[in-house]
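The primary structure of each chain is shown beneath.
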Amino acid sequence: MATVVTEGLLRELAGFRAANGCAVSIYIDFDPSEVPTIPGERTKFRASVMEAERKAEQRSSVVGRDCKLALETDFRRIKDWGETEFDRDGARALAVFASSADDFFRVVPLLESANGCEIGPELWIAPLAAQLGHGDGALVAVVSRERGVVYELRDGRLQELADETEEVPGQHDQGGWSQSRYQRHIDNIVLHHLKAVGGEIDRTVRDGRAPYLVVVAPEEMRGDFASQLSHEARESIVGWAQAEAHAGATELLGVVRPLLDEARARDDQATLDRWQSEHGRNGRAAAGWKQTLDAASDGRIATLLVEETAHRQAWSCPQCGRASADGGKCPLDGAKLESRDDAIDLAIHHTVLHGGTFVRLGAGALADADGVGAILRF
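In this text the structure is predicted, and so the values were computed from the model without any measurement.

Here the focus is helix 8 (residues 249-280). Side chains of residues three or four places apart in an α-helix project in the same direction, reflecting 3.6 residues per turn. Taking 1.5 Å per residue as the helical rise, helix 8 with its 32 residues ought to reach 46 Å, and the 45 Å between its terminal C-alpha atoms agrees with that figure. Along its length, helix 8 shows its largest kink, about 40°, at Val256, and proline Pro258 lies within four residues downstream of that point. For helix 8, the full list of buried residues reads Leu252, Leu253, Val256, Leu259, Leu260, Ala263, Thr271, Leu272, Trp275 and Glu278. Note on helix 8: the residue one or two positions beyond its end, Asn282, has a positive phi of about 55°.

Structure representation (structure tokens):
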């Protein structure tokens, strides 16, 4: 099953540093339009590993014999996995990380496309960061007079958290006081039902597990249901929707996905607006590669902002790992800085290791800052 990228996963992988400076990171994309068959998947896997091997030869020629031997072991392990254990299990892409010198091997199935390879002292996590949080953690409440199901979005699928569905008696057909009392009885049952569903949502929100909440309910029930939620739960609602009475998890996901995407886009825009405000008044903001990489290395970034098309070469210290937009020597220990192909990856490593977050923006959002910026802690 595909893995949703979380800040915890990024932080875990960012904390790895190869003892010999030669960790392998390979991303294999299984776009069904290009790889429509299972044999084709294995062929794509082998081709991606061969491409990474060619890049590894270049790295080992620079670093030395120990790196060369370790990489040979790494690729034997990767190929063995591909022959005996390969199974993408519906994932759109696979990320394969290996460093035999550190007894490290991990395969991460991904929900979205990713492609490429890097050999270096750290794991290449920029493609993972581009998928951060997509489709994870949101709550979906499906509410009607009888139905009351709460789902959580995990690994790109709606998974049931609670089912408070209960049978409500039908409309009474007798007139007079009997009908009035019976209708009040039905209304009380429905109210109790809504309270039970709302209680499940409140408990989840109090646990900090619901950044977004979408409610699927008939329009005439929205007010009654919202009144049963805590203030925190009501604040978590990012949209209301309607669906067929017996819609399953897959159909419901199709209904709520646009609302979740819109909510994330609003949050990203709010982050960009805050950065522009801080940058405009020379506040707690970094703009451009030099300021951002320096701030990342110093652990000052609260939120890193990167355009999706941004790319730049950078340098890092082989001793302390400090990132730099310029070559030369490390200002801290005097070691000669090593060239790195992906400046974004360096910025992400330092940001997440110091507890910061990452936001990926559309092309042109940071045009005046060469595609990168940051909101700073200090």
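Here the focus is the packing of helix 2 (residues 38-63) against helix 3 (residues 65-84). As a packed pair, helix 2 and helix 3 sit with axes 9 Å apart at the nearest point and diverge in direction by 175°. As summarised for this structure, helix 2 and helix 3 are arranged roughly antiparallel, according to the angle between their axes. Across the interface between the two elements, Arg42, Phe45, Arg46, Val49, Ala52, Glu53, Ala56, Arg59, Ser60 and Val63 from helix 2 touch Cys67, Lys68, Leu71, Phe75, Ile78, Lys79, Trp81, Gly82 and Glu83 from helix 3. Partitioning the contact of helix 2 with helix 3 into residue classes produces 10 nonpolar, two polar and seven charged.

To continue, consider the pattern of salt bridges. Under the criterion given, the structure shown has 21 salt bridges. Across the salt bridge formed by Glu85 and Arg77, the nearest N and O atoms sit 4.0 Å from each other. Glu85 sits in the partly exposed class, given a relative accessible area of 44%. Residue Arg77 is classed as partly exposed on the basis of its relative accessible area of 35%. Look at the salt bridges and you will find they share partners, linking Arg17, Glu122, Arg340 and Asp345 into a network.

Remark: a regular strand shows side chains that alternate across the two faces of the sheet. The buried fraction of strand 4 (residues 116-120) is high, at four of five residues. Note that strand 1 (residues 23-29) and strand 4 share five bridges and pair antiparallel. Within strand 4, the residue paired with Ile26 across the bridge is Cys117.

Another point: the state of the cysteines. Evaluation of the coordinates by the stated rule reveals one disulfide. A sulfur-sulfur distance of 1.8 Å marks the disulfide that ties Cys22 to Cys67. In this structure the cystine formed by Cys22 and Cys67 twists about its S-S bond by roughly -110°; its chirality is therefore left-handed. In this pair, Cys22 is assigned in the loop between helix 1 (7-14) and strand 1 and Cys67 in helix 3, connecting sequence segments 45 residues apart. For Cys330, which is in no disulfide, the shortest distance to another cysteine sulfur is to Cys320 and amounts to 3.7 Å. Using a relative accessible area of 4% as the deciding quantity, one classes Cys330 as buried.

The rules behind the values
Residues numbered from 1 in each chain as written. Predicted model: local features only at pLDDT ≥ 70, side-chain atom pairs only at ≥ 80, totals over all residues. Heavy atoms only, no water. Helix = DSSP H or I, 4+ residues; strand = E, 2+ residues; numbered from the N terminus. Expected span 1.5 Å × (residues − 1). Bend = angle between axes of the 7 residues up to and from the residue. Buried < 20%, exposed > 50% of the residue type's maximum accessible area, 1.4 Å probe, protein only. Axes fitted to C-alpha atoms, helices over the stretch in contact; angles between N-to-C directions. Parallel < 35°, antiparallel > 145°, perpendicular 65-115°, else oblique. Contact = heavy atoms within 4.5 Å. Nonpolar A, V, L, I, M, F, W, Y, C, P; charged D, E, K, R; others polar. Salt bridge = Lys/Arg side-chain N within 4 Å of Asp/Glu carboxyl O. Pairing = 2+ DSSP bridges. Disulfide = S-S within 2.5 Å.

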